[in-house]
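Summary of the model geometry
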Amino acid sequence: QVQLVESGGGLVQAGGSLRLSCAASGRTFSSYAMGWFRQAPGKAREFVAALNWSGGTTYYADSVKGRFTISRDNAKNTVYLQMNSLKPEDTAVYFCAAETEGWGTLTALRSYDYWGQGTQVTVSS
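This structure is a prediction, so every number in the text was calculated from the model and none was measured.

Describing the overall build of the chain
- The number of helices and strands found in the chain is 0 helices and 11 strands.
- Mapped from its N terminus to its C terminus, the chain presents α and β elements in the order β-β-β-β-β-β-β-β-β-β-β.
- In terms of overall dimensions, the chain is globule-like: its C-alpha atoms have a radius of gyration of 13 Å, near the 14 Å expected for 125 residues.
- Its C-alpha atoms give the chain principal-axis dimensions of about 40 × 25 × 25 Å.
- Within the chain, the proportion of its 125 residues that are buried is 45%.
- When the accessible surface of the chain is summed, it comes to about 6100 Å², and 48% of that surface belongs to carbon and sulfur atoms.

Next comes the structure, spelled out in structure tokens:
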């Protein structure tokens, strides 16, 4: 079992920055991959970013590439999403997720077996 708790969401003006955190507990954190997804009102949940167990391999959606950075601190059991140059279209609930099987495609929602409760990010224009 893995428990995930996100934090760091809030209201920010366009062009601003936020850093989301996701604290994990349960299984050994350094043994599984992590991802961030988001869901805007009326839209499907979509992939944002992911990284493997060591953080040495990262993946980004085209819409956030160059603006967002995913990272992890295995000593703190935490994954981060640094979001810069935020746009109104980034407004969504952001979820972190754990892929513990070790073989899933990290850009695919269906690969993840544990999810946090989400944190709201609102970007005003």
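Some words on the side chain of R72
- You can see R72 is positioned in strand β7 (residues 68-73).
- Summary of buried charges: R72 has no salt-bridge partner, and the nearest side chain of opposite charge, D73, is 8.3 Å away.
- Here the side chain of R72 touches N52 through a polar contact of 2.8 Å, landing on its backbone oxygen.

Focus on the sheet that holds strand β1 (residues 2-7)
- The strand order β1-β3-β8-β7 describes an open sheet built from 4 strands, whose pairing is antiparallel. Two strands bound the open sheet, and with one partner strand each, they are β1 and β7. Averaged over all adjacent pairs, the angle separating strand axes in this sheet is 15°, with direction ignored.
- Of the strand pairs in this sheet, β7 and strand β8 (residues 78-83) are connected by 6 bridges, and their pairing is antiparallel. Along β8, the bridge assignment pairs F68 with M83.

Comments concerning the pattern of salt bridges
- Applying the stated criterion across every chain yields a total of 4 salt bridges.
- A salt bridge links R38 to D90; the shortest N-O distance between them is 2.9 Å. One end of the pair, R38, is in strand β4 (residues 33-39); the other, D90, is in the loop between β8 and β9 (92-99), with 52 residues separating them in the sequence.
- Classification of D90 as buried rests on a relative accessible area of 1%.
- It is possible to trace a salt-bridge network through shared partners that takes in R38, E46, R67 and D90.

Cut-offs and rules
Residues numbered from 1 in each chain as written. Predicted model: local features only at pLDDT ≥ 70, side-chain atom pairs only at ≥ 80, totals over all residues. Heavy atoms only, no water. Helix = DSSP H or I, 4+ residues; strand = E, 2+ residues; numbered from the N terminus. Rg over C-alpha atoms; globule rule 2.2 N^0.38 Å. Buried < 20%, exposed > 50% of the residue type's maximum accessible area, 1.4 Å probe, protein only. Areas by Shrake-Rupley, 256 points an atom, 1.4 Å probe, with all protein chains shown as cover. Lys, Arg positive; Asp, Glu negative; His and termini not counted. Salt bridge = Lys/Arg side-chain N within 4 Å of Asp/Glu carboxyl O. Polar contact = N/O pair within 3.5 Å; in protein donor to acceptor, adjacent residues only side chain to side chain. Pairing = 2+ DSSP bridges. Axes fitted to C-alpha atoms, helices over the stretch in contact; angles between N-to-C directions.

Function cannot be inferred from these measures alone, as they are strictly geometric.
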